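Read off the chains here:
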Amino acid sequence: MRALTLQPGVQGSLAVEEVPDPAPKPGELLVRGLAVGVCGTDRELAAAEFGWPSDRRMILGHESLGRVIEAPADSGFSPGDLVVGVVRRPDPEPCPACARDEFDMCRNGRYTERGIKELDGYGSEHWTVETGYAVPLDPALEPVGMLIEPASVVAKAWEHIERIGSRAGFEPRSALITGAGPIGLLAALLGRQRGLEVHVLDRVAGGLKPELVTALGGTYHSGSALDAVGDLRPDVIIEATGTGRLIIDAMTRTAAAGIVCLTGVSPSGAPLPMDVEGANRHLVLTNSVVFGSVNGNQHHFRLAADALAAADLGWLERLITRRLPLERAFEAFQPGTDDVKVVIDL
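Residues numbered from 1 in each chain as written. Predicted model: local features only at pLDDT ≥ 70, side-chain atom pairs only at ≥ 80, totals over all residues. Heavy atoms only, no water.

Draft legend 1. Molecular detail of the layout of surface pockets. In this structure, the second largest pocket occupies an estimated 330 Å³ of space. No other element matches the four residues that strand 10 (residues 126-130) contributes to the lining of the second largest pocket. Considered class by class, the residues forming the lining of the second largest pocket number six nonpolar, four polar and six charged. (1 Å grid on protein atoms, 1.4 Å probe; cavity = no way out; pocket = protein on both sides within 12 Å on 5 of 7 lines; lining within 4 Å. Points joined across faces, edges and corners; volume = space filled by probe spheres on them. Helix = DSSP H or I, 4+ residues; strand = E, 2+ residues; numbered from the N terminus. Nonpolar A, V, L, I, M, F, W, Y, C, P; charged D, E, K, R; others polar.)

Draft legend 2. Structural detail: the packing of aromatic side chains. Inspection of every chain in the model, using the stated rule, returns three aromatic pairs. When the ring of F50 is compared with that of W52, the centres are 5.2 Å apart and the planes differ by 75 degrees; the resulting orientation is edge-to-face. Here Y122 and W127 contribute two aromatic rings whose centre-to-centre distance is 4.6 Å and whose plane-to-plane angle is 65 degrees, an arrangement assigned as edge-to-face. The ring of Y133 has R89 sitting right over it, with the charged end atom 4.0 Å from the ring centre. (Phe/Tyr/Trp six-rings, centres within 6.5 Å; stacked < 30°, edge-to-face > 60°. Lys NZ or Arg CZ within 6 Å of the ring centre and 35° of its normal.)

Draft legend 3. Region of the structure containing the pairing of strand 12 (residues 174-178). Within strand 12, five of the five residues are buried, leaving the element largely enclosed by the surrounding structure. The two faces of strand 12 match: S174, L176 and T178 on one face and A175 and I177 on the other face are all buried. When strand 12 meets strand 13 (residues 197-202), the two strands line up parallel, connected through five bridges. Paired with A175 across the strands is V198, a residue of strand 13. One ladder, built from four bridges, connects strand 12 with strand 15 (residues 236-239); its direction is parallel. Residue pairing in the sheet places T178 in a bridge with E239 of strand 15. (Buried < 20%, exposed > 50% of the residue type's maximum accessible area, 1.4 Å probe, protein only. Pairing = 2+ DSSP bridges.)

Such coordinate-based values are descriptive only and should not be taken to indicate function.
The structure is reproduced here in structure tokens:
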């Protein structure tokens, strides 16, 4: 079968090549790969800017979508079922979080990840997955099912926002999302599903991104700093760019008892000037919180599947701005100016 592979830690090693067909072990599904989404993590792995060196090639792809070919008896799955695979696996000697199946909150860093860290991913014509790490989808989601993984990231973010807010009376009315990539737009979707007034800030002034936000019933702002949103003081800010200036500004721009969730991963770079005392004053005197969130477990994948099943399918389909066949996979690693989500069909 064909697969999208690379040599971790080796720049220029991305390839589409023939690899052995997978054989399911007891308790595993055999799945026909339908598509994988491509994100910034995949591009960083291909550029050897991120990842864990290995002495063997790795199959890439963590934003999965597939159809079951074979399933163990009494597994709850049947041939023909639409599924996605969870990305992370707990460490071999579970930390307290991993022992509770909250491996997205691993404390010791010995977790592994399909298509990212030490495990083959889902970017192949066939793949296997343990039944406990497979999430079934509504058949209607087949055109967009690869969005479940990024949606699981924001499903977790929103769940933790609500858990933090529950420390006191938490009745948020507004949310600001910084960044209108897939994570930001899906965060906006889940915010609107919660009945919030949603604002989205992105550098792009026109085109698809403002249209998508408006279609959600949100308000779009164009700019590279929070000045672009005027005097807005949202109850929740989800920062999805990893841009230093926006991160710093977000820490002082919430309403009282506000919550800032950081989901964008910043590159290493030059230090920025920051009024640490001013940020501290705001956070302390308003009982506000800043926290980081990454990855998701099975529970968050199921929340994501429910959220996308409840969303407008046409809106979700518009997030996918390019679809490429596997033989043209290399093009997916060259981001286009109008891209939101690029998908490789397997």
